[in-house]
Each structure stands twice: as C-alpha cells, then as structure tokens.
Amino acid sequence: MPTAALRLPAFCLVLVATAAACDNNIGLPADPTNGLRYPIALVADPSGKQIFALGANFDRLYRAGRMRTIDTLTDRYVVDASGTPIATEVPSFGGSFAIDPTLDPTATTSFHLLVPSRDDDSLCVLDVKHATPTSMDCNADPLTGLCGSDHRIAALNGVFPVGDDPIAVALSDGPDGRRRVHIAASNNGQLSLYDYDPKEQPLNLRSLDSVTMPAGLNSIAISPLSHRAYVTTTRSAAVQTYRIDAGTSPDKPWLIAQEPSVILPASPIADYGRGLAFSSDFSRLYVAWRSPASLAILDVVPDASGVPSNRLVDSIVLGSKPSGLAVAPTGPNGRDLVYVSCYGDDAVWVVDPALRTSVGRISMRLGIQEPGENPHIVRGSPFAMAVVNVPTRGWQLYAGLFSVPTGSSHQVVVVPIDPSATNRNTADHIVHVGLGGTP
C-alpha cells in the first residue's frame, strides 16, 4: 500500500529553491518570549488537567510558531526546572490540531498532537511524554526549529501531500484499531485522508485518499453516530459532508465519498462557515456562521439506515464574526450551553440551544497587568476556545485573544462557567507565566 510516512526530508534549509513559504523564515531567531503569541487553537486533554495551546507567529517576527502546555490547576504555562515555559516549535500559521491519547499506559508517549501549518503546507506530529513536567518532542532540527522528517509531512517541489494551506485536522476510528486522520486545506479545498496504527512509534501515516471541495475549507467535525464528516468553508454558503467507503483495491482500501452539502441561509458578505461542535449526545451540530452572524443548529441524528437528516433547526443571532465554538453541560439541569467566540464583537456569546436564544455575553475587553508592565485594556478579539471540567475547580472556559495592544503579549483568558462559580461568565484572569501557585 502507498505510504506517505513521516519520513520526508523537510528542512527549509534544503528547500530554498523549491519552497518559497520557508524563505521568509530563514535567518530569523527563535521566539524568545515567555507567553503565547497569536493563540490559534486550544485543545484540552481528557483528564482536564492540561491544555495544549498553539501560537501561530502570524506576524512572522520569529522563525516558527510554538506549542505550549497550560496547567489548569494553576492556570500557568508549564515550566522547566529553571522556570522557562516549556515549548515546542512548529511551523508558523498553524490551525486546529488534533489530540490522540495513547491507550497503552506503559508507553513512553502519552499523547500525540497532529498539527497543521499553512506556512509550509505541512503536518507535524508531536510526542507528548509521560513526565513531570509534561514534555513535548518532535525530533526538531536545532538550526531551523522544524520538526524532524520522521515527525513531519511537508510539501516538496510543488507537491502538496496534505493540501495547499492545511488548516484543520480531525481524527476518527478505523478498523483494526487504526486511527484515521482527516485534513482540510483552505487554499485549494483539498480534503486528505490518512491513517495510522497508534501502537507504532513514531507514527507512520499512510495516505488513503483525497478529494477536492470548495476553496476556503476551515473546520472539520466527525459524528460518531453516523460516521459522517462535516466541513465548513469560508467561501461557500454550505457545510460539506462526506463518508468513508471501502475501496476496491489493496492500494486504495478506503475512499472519501462526498455527499450532498447542507445549504445554510446567507447574506451577500462572502465569509461563511467557521467553527463546528457537536452537542453532548451528538444529535446536534453547531456551526459558527458569519454571514449573517449567527449560530446555526443542525439536526444530524441518523435514521434507521444510518443516514443523518442534516436539517437546519434554527439560526441564533450573534455578535460580529463568530469564530470558535465550545459546548459544556453548564445550563439548567445540566443541559448543554454553547459558547461562541465573536472575534469582531470582543466577546464570547452564550447560547441555550434548548431555548434557541442567547443567554449571555462575556466581554473580552479587560484590564490586564503582567509582571513589570503597566495596566492596560486588552481589546478582546477572542478566537480559539476550550472548555474543561477542572478537578476541584469545575467547568472553566479558556479563550485565546488574537488582537492586543502593540508591544503586549497575546493572552489566554480564563472564565469560570461552572453553575456553582460566584463569578460565573466573567473574564476572571489570564494564564500567567511562572511557577506554581494560585492564578
């Protein structure tokens, strides 16, 4: 079977003549800051004890972006013995990444993080180690900061194994214990399908299939009920759908079968689908929709034959530029509430899908004082979010702020959303740099 394993020669220093995306980074220093610049994606581990946070280096001040770990018990970035925040460099302009916990408790690696990058059209695999503190590794080259060829698929000579501008990754279960990797690329609309055996170290990704969808792909969500995948696109007023069918030859064991897209109401402004999230029971799919600014609620319950209805239930009006979504059972009687980061409104909106209305707005304009800095007001522009049921603290919302005053580091804001919290739905504090202690 054809294999596009993570063994491609991928260092930018040897690609000067063929990979223009890397040229702008050659000679730039590693990011020396202790915070997280341009937080583009936040993913919690299943225990709720830590969050993996990706900084995207959007202004290209440095040679790469970085992945950091947040300790949710202290709301501080995990540091080494010297007090320096632990970070792993990844290519700039990252996107939504996927986390795969290792099932073998005796394994050295406890998690794999699969991270896409639009800077060089690559997919990197980070190994998160069983250690105190948590450590991350991708066999990086010390001169470039790029993950080693055994941990990275990258574009070479104009070929795009994971698409042109890969922006989102999602995982699903395959047969025989294998895991499927779904990769959405924004610029050329390529949807790529890989798989791997999670017991192999390092992971050996096998290319299965790819199809072309409308350009502007943005987010992926996969239903465990119908096994259908849903993909938003910023340039088309519809949610793309597909399933995975068995192939007809040994070199193509599994194929992507596109299904009818879900058309949603749209205004003339050509900026449409962003984040996706399922309800706790997977019966509803929530879509962050920008034109008009709203939360679309889809009924995705499968019928007796396994085909989902994909019916639009309602659209809830929101603030400007809905972006990220998070769902938590923090509503009345433990029912779901949906949290929507509205980038253009400097706020996170709270929607009760049972009532089909917004029930709160959490302002992300707040005064922040970092050690050694004067107090200043942060213009919120929230984008990435994660909700975590933190041991001893209850449900917390973490929101990455993408727009801040010149000269200030970007922030991850912590919002208590547990029904028992006294300051519920208030931007309470930021994730700090440093050793342990209370937030």
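Coordinates for the structure precede this section.
All values derive from a computational prediction rather than experimental measurement.

(A) Inspection of the overall build of the protein chain at higher detail. From N to C terminus, the protein chain includes 1 helix and 33 strands. For the protein chain, with 439 residues in total, the buried portion stands at 57%. Sequence separation of at least 24 residues holds for 50% of the intrachain contacts in the protein chain that already meet a minimum separation of 6. Working note: accessible area of the protein chain is about 17100 Å², and carbon and sulfur atoms make up 53% of it.

(B) Quick peek at the packing of aromatic side chains. Inspection of the entire model under this criterion finds 9 aromatic pairs. Here the aromatic rings of Phe58 and Phe402 are separated by 5.1 Å at their centres, their planes lie at 90 degrees, and the arrangement is edge-to-face. In this pair, Phe58 is assigned in the loop between β2 (50–55) and β3 (65–71) and Phe402 in the loop between β30 (394–401) and β31 (411–416), connecting sequence segments 344 residues apart. Given a relative accessible area of 28%, Phe58 falls into the partly exposed group. Residue classification places Phe402 among the buried positions, given a relative accessible area of 10%. Here the aromatic residues Tyr38, Phe58, Phe93, Phe383 and Phe402 are joined through ring pairs into a cluster of three or more. In this structure, Arg180 packs its charged tip against the face of Trp254, placed 4.5 Å from the ring centre.

(C) Seen up close, the sheet that holds strand β18 (residues 252–263). Pairing is antiparallel across the open sheet formed by 4 strands, whose spatial order is β15-β16-β17-β18. This sheet does not close on itself; its edge strands, each paired only once, are β15 (217–222) and β18. Each strand of the sheet is rotated relative to its neighbour by a mean of 30 degrees, with strand direction disregarded. The pairing of strand β16 (residues 229–233) with strand β17 (residues 238–249) spans 3 bridges and is antiparallel. Counted as the bridge partner of Val231 is Gln240 from β17.

(D) View of the pattern of salt bridges. As enumerated under the stated definition, the model contains 22 salt bridges in all. Put simply, Glu89 and Arg63 hold a salt bridge, and the shortest N to O gap is 2.8 Å. Pair noted here: Glu89 is in strand β5 (residues 87–90) and Arg63 is in the loop between β2 and β3, with a separation of 26 residues, a long-range link. Each of the two residues, Glu89 as well as Arg63, counts as buried. Put simply, Arg179 and Asp173 hold a salt bridge, and the shortest N to O gap is 2.3 Å. According to the relative accessible area criterion, Arg179 is buried, its value standing at 17%.

(E) Region of interest: the environment of Pro308. The topology assignment puts Pro308 in the loop between β21 (293–299) and β22 (311–317). Sequence-wise, Pro308 and Ser226 are 82 residues apart; in three dimensions their C-alpha atoms are separated by 6.4 Å. Leave out the neighbours within four places in its chain, and Pro308 touches Ser226, Arg228, Tyr230, Val300, Val301 and Pro302.

(F) Focus on unusual backbone geometry. Cis geometry marks the peptide bond from Gln201 to Pro202, where omega comes out at -5 degrees. Structurally, Pro202 can be placed in the loop between β13 (190–196) and β14 (206–212). Omega for the bond connecting Ser291 with Pro292 falls within 30 degrees of zero, at 5 degrees, which places this linkage in the cis form. Even without a glycine there, the phi angle at Lys321 is positive, about 55 degrees.

(G) Molecular detail of the nonpolar core. Judged by nonpolar contacts, the single largest core of 21 residues is most densely connected at Phe52, Leu54, Met67, Phe97, Leu113, Val115 and Leu126. Looking at this core, the elements that each hand over two or more residues are β1 (39–44), β2, β7 (109–117) and β8 (122–129).

(H) Inspection of the pairing of β7 at higher detail. A large share of β7 lies buried, amounting to 9 of its 9 residues. As defined by bridge partners, strand β6 (residues 98–101) adjoins β7 across 4 bridges and the pair is classed as antiparallel. The residue bridging Asp100 from the neighbouring strand is His112, located in β7. By the bridge criterion, 8 bridges tie β7 to β8 in an arrangement that is antiparallel. In the strand pairing of β8, His112 is matched with Asp127. Between the end of β7 and the start of β8, which pair antiparallel, lie 4 residues, with Asp121 showing a positive phi angle near 55 degrees.

(I) Broad picture of the state of the cysteines. Within the structure shown, the criterion is met by 1 disulfide. Across the disulfide, Cys138 is cross-linked to Cys147 (sulfur-sulfur distance 2.3 Å). As the torsion about the S-S bond is roughly -80 degrees, the Cys138-Cys147 disulfide counts as left-handed. Taken as a pair, Cys138 and Cys147 share a single burial class, namely buried.

(J) Region of the structure containing the pairing of β21. Where burial is concerned, most of β21 is hidden: 6 out of the 7 residues are buried. Across 7 bridges, the pairing between strand β20 (residues 284–290) and β21 is antiparallel. Across the sheet, Arg284 pairs through a bridge with Asp299, a residue of β21. Pairing analysis gives 6 bridges linking β21 to β22, with the strands arranged antiparallel. Among the inter-strand pairings, Ser294 is bridged to a residue of β22, identified as Val317.

(K) Seen up close, the sheet that holds strand β23 (residues 322–328). With antiparallel pairing, the 4 strands of this open sheet are ordered in space as β23-β24-β25-β26. Pairing within the sheet leaves two strands with one partner each, and these edge strands are β23 and β26 (357–363). Between one strand axis and the next, the sheet turns by 25 degrees as a mean value, whatever way the strands run. Two strands pair when backbone bridges link them, and β23 and strand β24 (residues 337–342) are joined in this way by 5 bridges, in the antiparallel orientation. Residue Val327 lies in a different strand from β24, and its bridge partner there is Val338.

Calculation rules
- Just so you know, the residues in each chain are numbered from 1, in the order the chain's sequence is written.
- Confidence filtering applies because this is a predicted model: local features only for residues at pLDDT of at least 70, side-chain atom pairs given and counted only at 80 or more, and all residues used for totals across whole chains, interfaces and linings.
- Each side-chain value is derived from all of the structure's non-hydrogen atoms; neither hydrogens nor water enter the calculation.
- Secondary structure elements follow DSSP: runs of H or I of four or more residues count as helices, runs of E of two or more count as strands, with numbering from the N terminus.
- For every residue, the accessible area (1.4 Å probe, protein chains only) is compared with the maximum for its type, and the residue is labelled buried under 20%, exposed over 50%, or partly exposed between those bounds.
- Should any heavy atoms of two residues lie within 4.5 Å, those residues are considered in contact.
- Using a 1.4 Å probe, accessible areas were evaluated by the Shrake-Rupley method; residue-level cover was limited to the displayed protein chains.
- Side-chain rings of Phe, Tyr and Trp (the six-membered ring for Trp) are treated as a pair once their centres are within 6.5 Å; stacked means planes under 30 degrees apart, edge-to-face means over 60, and tilted covers the remaining angles.
- Placement of a positive charge over a ring is assigned whenever Lys NZ or Arg CZ falls within 6 Å of the ring centre and within 35 degrees of the normal to the ring plane.
- Strand pairing follows a simple DSSP-based rule, namely that at least 2 bridges must link the two strands.
- Working convention: axes come from line fits to C-alpha atoms, limited for helices to the stretch in contact. Angles between N-to-C directions cover 0 to 180 degrees.
- Here, a salt bridge means any Lys or Arg side-chain nitrogen found within 4 Å of an Asp or Glu carboxyl oxygen.
- Residue types Ala, Val, Leu, Ile, Met, Phe, Trp, Tyr and Cys, when buried and joined through side-chain atoms within 4.5 Å, form a set referred to as a nonpolar core.
- The criterion for a disulfide is a pair of cysteine sulfur atoms lying within 2.5 Å.

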